[in-house]
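# Architecture at a glance
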Amino acid sequence: MKRITIKDMAKMLHLSTSTVSRALSDHPDISEATKIRVRTVANEFNYRTNLHASLFRKSRSGLIALVLPELNMFFTPQLIAGINQVIATTKNSLIVFLSNNSYEREKEIVQQCLGWAVEGVLISLSKETPDIDHLDAFIKSEVACVLLDKTLGDGDFSTVTIDNEAASYKAMTHLIKEGHQNILGIFGNPNYRISQDRIKGYRKALSENNISILEENIISVDKSSDLDFILPPVINHNEKISAVFTMSDELLAKSHALLLSLGKKIPDDIAVVSISDGVYPYLTFPKITHVKNSGNEMGVIACKLLLDSIEGTTKKYDNHVVIPTQLVSLSSV
């Protein structure tokens, strides 16, 4: 059955469309009896207010868009929870778009956001995204926009990130201080700036400690499942590797499982350190030493920055927040 409209209800009730519209909005000029008649029909036929018509009448939509490259069980849930925690204190509503790591889809979503007249946009870029020129449409339309986690330079937009190079450097320095020199580094897609920066931190720590950088000890994968056929031969054929550093929880989970399947005891046979949201490391045995990167904190800060921009309490596109990280030493080193 097609969606019922105000015009349809007006015909059924032998009323004008304006009367039906005012009855639905509880206008004082409409009698209670008429309001009841209209609401009864609206409920019976599951009538919903036309969003675009409503936005046309109002100056604000109350919609905040979150654009993510993908959903996974690590970091993302806490990121969304942090954003929603802030949104819940306002009269705004959150809508989530997935680009599926596609640049073309990301560009389509930008246009959809403009078509829906969103108040503001929080966006984490896809791995295919080469630049942020497509986001200029938000500036032209005066729509607030904040980039978070996966970004490309600072550009003209506000950003919320951690110092990815420093986080990786911190993890590697801890391993080196504990006597490890032959350290396997496992990183995500090299197209991401986040991966590039974390590799820089890996290299910097080795270089500053006069340890040779072995290119074969740097593994970059598009997805964690790629490690199923990459990691075992590396571990089996290089007995000198005494530690593994992973740049994310997703890579940590896969690496941890594979190391155990290979009969490696942590930390007796091999040490493990990761950059992590701080949840998964406590679910393993032994608990994993990590540099904490809180998705919840990032979500809260990014959303507050966006809302401040929407309300005009901060200047748009000129805030670059870098969230500090800390090493949490547990039992895996």
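Before reading further, recall that the structure is shown in the block above.
Structure report, in brief. On a predicted model such as this, the values are computed, not experimentally measured, just so you know.

## A few points about the nonpolar core
Counting 64 residues, the largest nonpolar core has Leu122 and Phe245 as the members making the most contacts within it. Examining the composition of this core, we find that seven residues originate from one element, helix α12 (residues 295-311), more than from any other. Listed in part, the 20 residues of the second largest apolar core include Val67, Ile95, Val118 and Ile132.

## Re the sheet that holds strand β7 (residues 218-220)
Ordered by their spatial adjacency, six strands build an open sheet running β7-β6-β8-β9-β10-β12, and the pairing between neighbours is mixed. Among the strands making up the open sheet, the edge pair consists of β7 and β12 (326-328). Each neighbouring strand pair of the sheet contributes to a mean axis angle of 15°, computed without reference to strand direction. As defined by bridge partners, strand β6 (residues 183-187) adjoins strand β8 (residues 243-246) across four bridges and the pair is classed as parallel. Directly across from Ile183, in β8, lies its bridge partner Ala243. Where helix α9 (residues 193-208) meets the sheet, its contacts fall on β6, β7, β8 and β9 (271-276), and the angle it forms with β6 comes to roughly 170°. Running at roughly 160° to β9, helix α11 (residues 249-261) makes contact with β6, β8 and β9 of the sheet.

## Remarks on unusual backbone geometry
Along the chain, Ile266 connects to Pro267 via a cis peptide bond; the corresponding omega equals 5°. Position of Pro267 relative to the elements: it lies in the loop between α11 and β9. That bond from Phe285 to Pro286 is cis: its omega, -5°, falls within 30 degrees of zero. One non-glycine residue, His14, lies in the positive phi region at around 55°. Along the chain, the position of His14 falls in the loop between α1 (6-13) and α2 (17-24). We classify His14 as exposed; its relative accessible area is 73%. Backbone geometry places Phe75, a non-glycine residue, at a positive phi of 65°. Within the element layout of this structure, Phe75 appears in the loop between β1 (63-68) and α5 (76-87). By relative accessible area, Phe75 is classed as buried at 15%.

## Regarding the pattern of salt bridges
According to the stated counting rule, one finds twelve salt bridges in the structure shown. Linking Asp26 and Lys35 is a salt bridge whose minimum nitrogen-to-oxygen distance equals 2.9 Å. Note on Asp26: relative accessible area 44%, which makes it partly exposed. Where Lys223 meets Asp226, a salt bridge forms, and the shortest distance between an N and an O atom there is 3.4 Å. Here the salt bridges share partners, and the residues they tie into one network are Asp26, Glu32, Lys35 and Arg39.

## A look at the pairing of strand β4 (residues 144-148)
Regular strands place their side chains on alternate faces of the sheet. β4 sits mainly inside the fold: five of its five residues count as buried. Neither face of β4 is exposed, since Ala144, Val146 and Leu148 on one face and Cys145 and Leu147 on the opposite face are all buried. When strand β3 (residues 120-123) meets β4, the two strands line up parallel, connected through four bridges. Bridge pairing in β4 places Leu122 opposite Val146. As paired elements, β4 and strand β5 (residues 158-162) share three bridges and run parallel to each other. Its bridge partner being in β5, Leu147 is matched across the sheet by Thr159.

## Let's talk about empty space enclosed by the protein
Taken as a whole and judged by the stated rule, the model has one cavity of 30 Å³ or more. One number sums up the size of the largest cavity: a volume of about 60 Å³. Surrounding the largest cavity, Leu125, Ser126, Lys127, Thr129, Lys150, Thr151, Leu152, Asn191, Tyr192, Arg193 and Ile194 form its lining. Among the residues forming the lining of the largest cavity, the class breakdown is four nonpolar, four polar and three charged.

## Some details on the layout of surface pockets
Taken as a whole, the largest pocket spans an internal volume of roughly 570 Å³. Lining the largest pocket are 32 residues; nearest its centre among them are Glu70, Asn72, Lys150, Ser248 and Glu250. In the lining of the largest pocket, the residues fall into eleven nonpolar, eleven polar and ten charged.

## A closer look at the pairing of β3
Here β3 shows no split at all, with Gly120 and Leu122 on one side and Val121 and Ile123 on the other all buried. Sheet topology note: the β1/β3 ladder contains four bridges and is parallel. Bridging from a neighbouring strand, Ala65 pairs with Val121 of β3.

Conventions adopted
- Residues numbered from 1 in each chain as written.
- Predicted model: local features only at pLDDT ≥ 70, side-chain atom pairs only at ≥ 80, totals over all residues.
- Heavy atoms only, no water.
- Core = buried A, V, L, I, M, F, W, Y, C linked by side-chain atoms within 4.5 Å.
- Buried < 20%, exposed > 50% of the residue type's maximum accessible area, 1.4 Å probe, protein only.
- Helix = DSSP H or I, 4+ residues; strand = E, 2+ residues; numbered from the N terminus.
- Pairing = 2+ DSSP bridges.
- Axes fitted to C-alpha atoms, helices over the stretch in contact; angles between N-to-C directions.
- Contact = heavy atoms within 4.5 Å.
- Salt bridge = Lys/Arg side-chain N within 4 Å of Asp/Glu carboxyl O.
- 1 Å grid on protein atoms, 1.4 Å probe; cavity = no way out; pocket = protein on both sides within 12 Å on 5 of 7 lines; lining within 4 Å.
- Points joined across faces, edges and corners; volume = space filled by probe spheres on them.
- Nonpolar A, V, L, I, M, F, W, Y, C, P; charged D, E, K, R; others polar.

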